[in-house]
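Spelled out from the first residue to the last, the chains are:
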Amino acid sequence: MNDVLEATSPATSLSGPATCVSKVELRVSCKALLDRDTLNKSDPCVILMVQTNGQWTELDRTEVIKSNLHPVFAKVFSWDYYFEEVQKLRLEVYDIHGTHSIGARDDDFLGGVECTLGQIVAQKKMVKPLLLKYGKYAGKSTITVHAEEISGNNGYLELSFCAKKLDDKDLFSKSDPFLEIYRVNDDQSEQLVHRTEVIKNNLNPVWEPFKVSLISLCSCDDERKIKCLVWDYDSRGKHDFIGEFYATFREMQKISSGNKVSWDCVNPKYKLKKRNYKNSGVVILTDLKLHRVYSFLDYIMGGCQIHFTVAIDFTASNGDPRNSCSLHYINPYQPNEYLKALIAVGEICQDYDSDKRFSALGFGARIPPNYEVSHDFAINFNPEDDECEEIQGVVEAYQNCLPKIQLYGPTNVSPIINRIAKLAAGDGNIKDASRYHILLILTDGVVTDMADTREAIVRASYQPLSIIIVGVGNADFTDMQILDGDDGVLRSPKGESVLRDIVQFVPFRDFKTASPAALAKCVLAEVPKQVVEYYSHKAISPMCPLRDTMTPILTPFATTPTE
């Protein structure tokens, strides 16, 4: 195989925070690079770096292209794009001498450029001069970055190609063929989509299967021209042209009906000069698999309902509700922190539930009629139907229950998590994307049953459920961070890890002076990704839009219109 032109998959994930406005693919090429080598031309490679907390760190790099001052790299960087963030990146070009390492000498550095992802996305095609140290221009060297958004209506393909009877371009051995695939744009420019590995000494190569996004291959246009070139690899970068052909995605799809899909690989010069010339070989598509990539809105617009449940902490540490210092004090002029958090999150969730009925539960209180401690009770005191009409109904049930209960303890939340997980498990067995659950837990302190809670969350991670925990009041919530998997994988006491990260913990005090929308945006930020992850893991596609179900008003989670 090849140690220079590596087969490149277009989906190297450079994930940032969990939920993004959209995914962007970046493709890189350079022109007029400085020649640092004495006998040959430079062997360039582009290093992608990002800035985090003022420090630059390498995220990924392209393949190395041997002896080329005008490289077009096959490597594709896939990145999450956030409209509300400044995402700084740096592209550095090096002349690579070894197989993997970057040389330490100054003359290995061919130039770099700093910019933001937003600048690239806004321009779609950004061309910038490369700069050496101290801002000095690297001659006439430039770097070009193309950006393409990967939309929710996109997917990716897995393609397998082989060739038969290719022309022999070598004198003492057989050709070393590789295949390049270009998308032909509306302005007739060509964009490299994929470059295969090199198959040494073989006129009948079978290239490794590779993946490419549908938007990259043909901009989701079945009839768009796709130009394919076959080359005989040369270690000095002077590859010999074997032939070319044009295809379309529509032609490629004929393989699904059992038809053989092949193209004559033609050298136009030979066709003009040679009277009986037929081709320089045949390229065959041996397999095509189309994988649909679904977004959060694909599931929502397909009819998936979000069922919202709130669980409220009624332990004694909240203070007597009749006292104005209590976290449960009902001020006629201003809602308390419990109500602020409930309303902020609930008003967004209710737009995704057609019946607008929400379960409202409590824990940590003595409840009538026997005033025994309960860690899982309906705050409307109707165990047969714990749902309330809209968020206002939840607010009223909360206010009405406070005079009827005795705040007690301890702060055990595992019973409610197990209850909702069991309910979600029933929906999970339906095998369609019809219902997903969000559990909002409002608590004033660290949970007492931490071991049982960790076990419950691990079990719940296998169900269509997301858990949001909002810490109310001024307690030390440091130990609660363990439940949020952002800093590591949450494990049960037995060591079993969660299938997926389903918990988001946020202290309310961080948003005391912010708008309710800011709190909602933060705590709901990971939900779209969690929904997609669950159904993707289960290989469940969105349903068709339901005619007999009221279409939800799409107030976006975390203001993310495409995720």
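The coordinates are above.
Residues numbered from 1 in each chain as written. Predicted model: local features only at pLDDT ≥ 70, side-chain atom pairs only at ≥ 80, totals over all residues. Heavy atoms only, no water.

J.: Which parts of the structure should I look at to understand the sheet that holds strand β20 (residues 365–367)?
T.: The pairing of strands in a sheet happens through backbone hydrogen bonds and is either parallel or antiparallel. The strand order across the open sheet formed by three strands is β21-β20-β24, and the pairing between neighbours is antiparallel. At either margin of the open sheet sits one strand with a lone partner, and together these are β21 (372–374) and β24 (406–407). Pairing of β20 with β21, which is carried by three bridges, proceeds in the antiparallel orientation. Bridging across to β21, Ala365 finds its partner in Ser374. (Pairing = 2+ DSSP bridges. Helix = DSSP H or I, 4+ residues; strand = E, 2+ residues; numbered from the N terminus.)

J.: Just checking my understanding: could you explain the pattern of salt bridges for this structure?
T.: Two side chains with opposite charge may pair up if their charged atoms get near one another. This structure, assessed with the given rule, holds 26 salt bridges. With a shortest N-O distance of 3.4 Å, Arg90 and Glu114 are connected by a salt bridge. Here Arg90, found in strand β6 (residues 88–95), pairs with Glu114, found in strand β7 (residues 109–116); they are 24 residues apart in sequence, far enough to count as distant. Given a relative accessible area of 46%, Glu114 falls into the partly exposed group. Notably, a salt bridge pairs Arg322 with Asp320, separated by 2.9 Å at the nearest N-O pair. A cluster of three or more residues bridged by salt bridges with shared partners is formed by Glu25, Arg27, Glu148 and Arg183. (Salt bridge = Lys/Arg side-chain N within 4 Å of Asp/Glu carboxyl O. Buried < 20%, exposed > 50% of the residue type's maximum accessible area, 1.4 Å probe, protein only.)

J.: Can you walk me through the nonpolar core in this structure?
T.: The tendency in soluble globular proteins is for nonpolar side chains to be buried side by side. Phe308, Phe314 and Leu524 are the most contacted members of the largest nonpolar core, which totals 55 residues. For this core, the element with the most residues is helix α6 (residues 337–349), which contributes eight residues. Within the second largest apolar cluster, 36 residues are counted, among which are Cys30, Cys45, Leu91 and Tyr94. (Core = buried A, V, L, I, M, F, W, Y, C linked by side-chain atoms within 4.5 Å.)

J.: What is the right way to read the sheet that holds strand β12 (residues 190–195) from this model?
T.: The sheet built from four strands is open, its strands ordered β12-β11-β14-β15 with antiparallel pairing. Among the strands making up the open sheet, the edge pair consists of β12 and β15 (240–247). When the angles between neighbouring strand axes are averaged without regard to direction, this sheet yields 25°. Two strands pair when backbone bridges link them, and strand β11 (residues 177–184) and strand β14 (residues 226–232) are joined in this way by seven bridges, in the antiparallel orientation. Paired with Leu179 across the strands is Val230, a residue of β14. (Axes fitted to C-alpha atoms, helices over the stretch in contact; angles between N-to-C directions.)

J.: Help me out: how do you make sense of the packing of aromatic side chains in this one?
T.: The way to describe two aromatic rings as a pair is by their centre distance and the angle between their planes. Scanning the entire structure with this criterion turns up 16 aromatic pairs. An angle of 80° between the planes, with centres 5.8 Å apart, marks the rings of Phe308 and Phe358 as edge-to-face. Residue Phe308 is found in strand β18 (residues 305–313), and its partner Phe358 is found in strand β19 (residues 357–363); the two are separated by 50 residues along the sequence. Here Phe308 falls in the buried class, since its relative accessible area comes to 0%. Judged by centre distance (5.1 Å) and plane angle (75°), the ring pair of Tyr534 and Tyr535 falls under edge-to-face. By relative accessible area, Tyr535 is classed as buried at 1%. Lying across the ring of Tyr270, Lys274 places its NZ or CZ 4.3 Å from the centre. Seen from the ring of Tyr408, Arg366 lies directly overhead, with NZ or CZ sitting 4.0 Å from the centre. (Phe/Tyr/Trp six-rings, centres within 6.5 Å; stacked < 30°, edge-to-face > 60°. Lys NZ or Arg CZ within 6 Å of the ring centre and 35° of its normal.)

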